[in-house]
Amino acid sequence: MKNILIVNGHPDKNSFCHELAKRYLIGAEKSGAHCKLVNLIDLSFNPILKYGYNKKRELEPDLVQMQSEIKNAEHLVFVYPNWWGTYPALLKGFIDRVFLPKFAFKYQEKSPFPEKLLNGKSARLIVTMDTPKWYYSLIYRSPGLNSMKKGILEFCGIKPVRITAFGPIKSSTEIKRKFWLDKVEKLGESMK
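Presented here is an overview of the structure given in this document.

Cut-offs and rules
Residues numbered from 1 in each chain as written. Predicted model: local features only at pLDDT ≥ 70, side-chain atom pairs only at ≥ 80, totals over all residues. Heavy atoms only, no water. Helix = DSSP H or I, 4+ residues; strand = E, 2+ residues; numbered from the N terminus. Buried < 20%, exposed > 50% of the residue type's maximum accessible area, 1.4 Å probe, protein only. Contact = heavy atoms within 4.5 Å. Areas by Shrake-Rupley, 256 points an atom, 1.4 Å probe, with all protein chains shown as cover. Lys, Arg positive; Asp, Glu negative; His and termini not counted. Charge placed at Lys NZ, Arg CZ, Asp CG, Glu CD. Pairing = 2+ DSSP bridges. Axes fitted to C-alpha atoms, helices over the stretch in contact; angles between N-to-C directions. Disulfide = S-S within 2.5 Å. Salt bridge = Lys/Arg side-chain N within 4 Å of Asp/Glu carboxyl O.

### Considering the overall build of the protein
Phase 1: The number of helices and strands found in the protein is six helices and seven strands.
Phase 2: Along its sequence from the N terminus, the protein presents helices and strands in the succession β-α-β-α-β-α-β-β-β-α-α-β-α.
Phase 3: Each of the three principal axes of the protein carries a C-alpha extent, and together these read 55 × 40 × 30 Å.
Phase 4: Taken over 192 residues, the protein has a buried fraction of 48%.
Phase 5: Taking all contacts inside the protein whose residues are at least 6 apart in sequence as the whole, residues at least 24 apart take part in 76%.
Phase 6: A total of about 10,400 Å² of accessible surface is found on the protein, and carbon and sulfur atoms cover 54% of it.
Phase 7: Charged side chains in the protein number 32 positive and 18 negative. The centres of these two groups are separated by 6 Å.

### Quick notes on the sheet that holds strand S2 (residues 34-39)
Phase 1: Ordered by their spatial adjacency, five strands build an open sheet running S2-S1-S3-S6-S7, and the pairing between neighbours is parallel. Where the open sheet ends on each side, the last strands, each with one partner, are S2 and strand S7 (161-166). Shown here is a sheet whose adjacent strand axes are inclined to one another by a mean of 15 degrees, direction ignored.
Phase 2: Pairing geometry for strand S3 (residues 75-81) and strand S6 (residues 122-128), over seven bridges, is parallel. Bridging across to S6, valine 77 finds its partner in arginine 124.
Phase 3: Packing against the sheet, helix H5 (residues 143-153) makes contact with S3, S6 and S7, and its axis sits at approximately 160 degrees to S6.
Phase 4: Packing against the sheet, helix H6 (residues 174-190) makes contact with S6 and S7, and its axis sits at approximately 165 degrees to S7.

### Remarks on the state of the cysteines
Phase 1: What the rule picks out here adds up to zero disulfides.
Phase 2: For cysteine 35, which is in no disulfide, the shortest distance to another cysteine sulfur is to cysteine 17 and amounts to 18 Å.

### With respect to the pattern of salt bridges
Phase 1: The full count for this structure, using the stated rule, is 10 salt bridges.
Phase 2: As a salt-bridge pair, arginine 23 and glutamate 185 come within 2.6 Å of each other at their nearest N and O atoms. Remark: glutamate 185 occurs in helix H6 and arginine 23 occurs in helix H1 (residues 16-30); sequence separation between them is 162 residues.
Phase 3: Salt bridges sharing common partners tie together Arg23, Lys30, Lys178, Asp182, Glu185 and Glu189.

This is how it looks when you write it as C-alpha cells:
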C-alpha cells in the first residue's frame, strides 16, 4: 500500500484548491493507497524562519508531526494557488520551517552540492491560477513551478515531480471545474 501525503497550501478551506485536494484523496483511496490530507491553515506554527539557518529553533509539535509524515510518505502532493507568480506565504513558511538542513538536505564540506535526504519519494503539484497557463509559461517562465519543482523538491531528492496546473480559475465555468476535479481524481487513482 502506497503512503501519500496531500498538503493543501491554500489558506481558505472553502477554496477550489481544497476541493481538488479532496478529490485527489478520493481517487488515491479508491486505488488502495493510505492517504493523509493536511490543510496547512489547520496547523499551529510560526511561518517565519527567524535567524535563517544560523540559529536552531525548536519546531512546534505540528511541524514535528509533518516531518514524520513527510518521512513516511512515498508520494507528496502539494495543492495550492499561484499568487503573484509563486505560492501563498503560508506554503512558503511551511517549507522554510520544515524542509530544514539535516532533515531534507545536508550541506557537504567538500562539495557545493548538498546531500539529498528525501530520495526515493515522488511528488505532484496541483496548482490553480488566474493567469492563462500559456502566458504564465511563455511570458513569466513559470517561476513558482520552477521554484517548487527544482529549487525545493528536486533539491531535496524528490523525483519525479509532476505538475498539473489549472487556469484561469476566475473565469472558469462549473462544467470546466467539474472536468478538472474529475481529472484530479483520476490522477489520484493512478497515484502519480
